[in-house]
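# Results of the structural survey
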Amino acid sequence: MHVPFEGLIDPAFTAVGEAFRANFLPAGERAPDLGAALCVVADGAVVVDCWGGWCDPERQRPWESDTLVNAYSVLKPVAAVLALQLVEAGELDLDRPIAETWPEFARAGKSAVTLRDALSHRAGLPGVRARLPDDAMFHWDTMCAGLAASQPWWRPDEGHGYHVNTFGFLAGEPVRRATGLSFGAALRERMTGPLGLDLHVGLDAGDLARVADIDAPGSIPEQPDPRAVLADDEHQQMLLHAYFNPPGLSGIGVVNTPEWRRSAIPSTNGHATARAIAGFYTALLEGAPQPILGRGLLTESITTQSEGHDRVLDRPSRFGLGFALHQDERPIGATRAAFGHYGYGGSLGFADPDAGIAFAYLINRPGDRWQNPRTKALLDTLRSCC
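Summary of the structure given here. (Residues numbered from 1 in each chain as written. Predicted model: local features only at pLDDT ≥ 70, side-chain atom pairs only at ≥ 80, totals over all residues. Heavy atoms only, no water.)

## So, helix α4 (residues 140-149)
In plain terms, the rule: Only protein chains enter the calculation, and the probe is 1.4 Å; a residue is then buried if its accessible area is under 20% of its type maximum, exposed if over 50%, and partly exposed in between. In this text, helices come from DSSP runs of H or I with a minimum length of four residues, and strands from runs of E with a minimum of two, each type numbered from the N-terminal end. A contact between two residues is defined here by any heavy atoms of the two lying within 4.5 Å.
Along α4, the residues classified as buried are Trp 140, Met 143, Cys 144, Gly 146, Leu 147 and Ala 148. Considering only its buried residues, α4 is in contact with α5 (167-179) and α6 (183-195).

## Section: the packing of α4 against α5
Let me state the cut-off plainly: Working convention: axes come from line fits to C-alpha atoms, limited for helices to the stretch in contact. Angles between N-to-C directions cover 0 to 180 degrees. Relative orientations are named as follows: roughly parallel for angles under 35 degrees, roughly antiparallel for angles over 145 degrees, roughly perpendicular for angles from 65 to 115 degrees, and oblique for any other angle. Note on residue classes: Ala, Val, Leu, Ile, Met, Phe, Trp, Tyr, Cys and Pro are nonpolar, Asp, Glu, Lys and Arg are charged, and everything else, Gly too, is polar.
Where α4 contacts α5, the two axes come as close as 10 Å, and the packing angle between them is 105°. With respect to α5, the element α4 is oriented roughly perpendicular. In contact with Trp 140, Asp 141, Met 143, Cys 144 and Leu 147 of α4, α5 contributes Gly 168, Phe 169, Leu 170, Gly 172, Glu 173 and Arg 176. A class-by-class count of the residues in the contact of α4 with α5 yields 6 nonpolar, 2 polar and 3 charged.

## Points about unusual backbone geometry
Across the junction of Asn 245 and Pro 246, the peptide omega takes the value 5°, indicating a cis bond. With phi around 50°, Tyr 72 is a residue other than glycine that occupies positive phi space. Locating Tyr 72 in the fold gives a position in the loop between β4 (69-70) and α2 (76-88). Here Tyr 72 falls in the buried class, since its relative accessible area comes to 7%. Positive phi, close to 60°, is recorded for Asp 314, a residue that is not glycine.

## Observations regarding the environment of Ala 355
Inspection of the secondary structure puts Ala 355 in the loop between β11 (348-352) and β12 (357-363). Every residue in contact with Ala 355, bar those within four places of it in the chain, is listed here: Asp 43, Ala 334, Thr 335 and Cys 386.

## Comments concerning the layout of surface pockets
Our working definition: Both site types are read off a 1 Å grid over the protein atoms alone. A 1.4 Å probe that fits but cannot get out defines a cavity, while an open set with protein on both sides within 12 Å along at least five of seven lines defines a pocket; lining residues have an atom within 4 Å of a point. Grid points are joined across faces, edges and corners, and a volume is the space filled by probe spheres set on the points.
A volume near 300 Å³ is recorded for the second largest pocket. Among the elements of the structure, β2 (35-42), β3 (45-53) and α9 (274-282) are those that each provide at least two residues to the lining of the second largest pocket. With 4 residues, the single largest contributor to the lining of the second largest pocket is α9. Here the lining of the second largest pocket is composed, by residue class, of 8 nonpolar, 5 polar and 5 charged.

## Quick word on the sheet that holds β4
Stated precisely, the cut-off is as follows: Here, a strand pair is defined by DSSP locating no fewer than two bridges between the strands.
Here we have 3 strands laid out as an open sheet, ordered β4-β6-β5, and antiparallel in their pairing. If you trace the sheet from one side to the other, it starts and ends with β4 and β5 (199-200), each paired once. Sheet analysis places β5 next to strand β6 (residues 271-272), joined by 2 bridges and oriented antiparallel. Bridge assignment links His 200 to a residue of β6, and that residue is His 271.

## A short note on the environment of Leu 298
Along the chain, Leu 298 falls in helix α10 (residues 295-301). Taking C-alpha positions, Leu 298 is 8.8 Å from Val 81, a pair spaced 217 residues apart along the chain. If near-sequence neighbours (up to four positions away) are discounted, Leu 298 is found in contact with Leu 284, Leu 293 and Phe 339.

What is shown is where atoms sit, not what they do.
Printed below as a string of structure tokens:
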């Protein structure tokens with residue numbers, strides 16, 4: 001079947017465009033892309049801005065230049081930078097207790113937990129302990145009240161663990177308290193509006209028709225009930241609550257619904273174009289015409305805050321303040337200096353100051369959760385062009 005493909009590719013990055021096209025072809029056991037977009041900015045100039053494939057499994061809607069797609073955790077650094085902008089403006093403080101801005105958060109032994117703890121995945125709150133209603137992820141106040149009432153799953157000074165779905169609420173509620181705006185409105189006012197980025201957490205009704213459907217491979221897994229796990233198995237309880245409390249928290253079964261797309265779940269349901277994600281990272285590189293964070297605070301945010309065994313992922317991870325940092329077993333960018341974040345199944349956004357690159361690759365057919373060969377092929381090819 002013919003795969004529609006459009007966009008621009010600088011001749012120096014022809015190989016990257018070819019690798020992007022190749023991702024739409026089956027290769028061994030590798031599932032091909034259904035629809036995807038790729039944007040690369042090198043030394044301030046857009047050198048790749050292309051898109052291809054389909055917005056739906058039935059292949060009725062071709063991917064367009066302005067197609068939005070759920071970017072999953074690619075948006076975590078966006079939430080972090082929004083909070084850091086308020087730190088820079090003196091409206092929040094990295095090292096003061098979150099409870100000074102969000103008093104209810106002091107409950108259950110969290111009075112000393114700081115914004116730095118939250119942004120570096122050290123807060124001990126990857127999941128809400130109390131069983132939440134099935135639609136709780138659509139209700140900001142319900143999620144935040146659950147987190148405020150929860151006892152940490154570990155002491156924040158004793159380690160870190162990936163806050164896969166709660167990160168955006170922990171970063172976002174201090175933003176809401178400090179600004180008096182909803183997370184999505186604060187994001188538009190402080191960042192995406194001034195930069196002109198087509199990036200949203202909580203879509204307007206008029207944007208729903210632009211969204212590509214997520215085509216998760218295989219059948220939707222049965223979601224386990226955290227109550228079925230032995231009460232004394234604390235670690236398993238933590239994992240189940242992190243991913244499945246409430247049941248649709250990770251997007252399973254609801255990711256293509258209007259309710260999901262219109263809600264604000266900053267860790268998991270931000271929608272964007274690849275062009276917008278690359279634009280966000282361009283604004284974090286030196287010499288950006290519209291920098292969104294001062295060099296000092298940016299340097300701190302891409303300095304290792306947490307490293308080693310991850311209590312949620314059960315493998316090594318390395319984080320700055322909201323950013324995932326280079327690991328040899330899972331490179332983020334073209335060089336070891338890159339900082340950014342993967343999203344579920346292979347989407348990726350990063351800035352690489354040593355290479356002068358901003359990059360975004362967004363997809364609607366997730367691949368392997370840890371190492372998508374489609375993403376790896378693009379990164380390998382990009383390094384050959386830098």
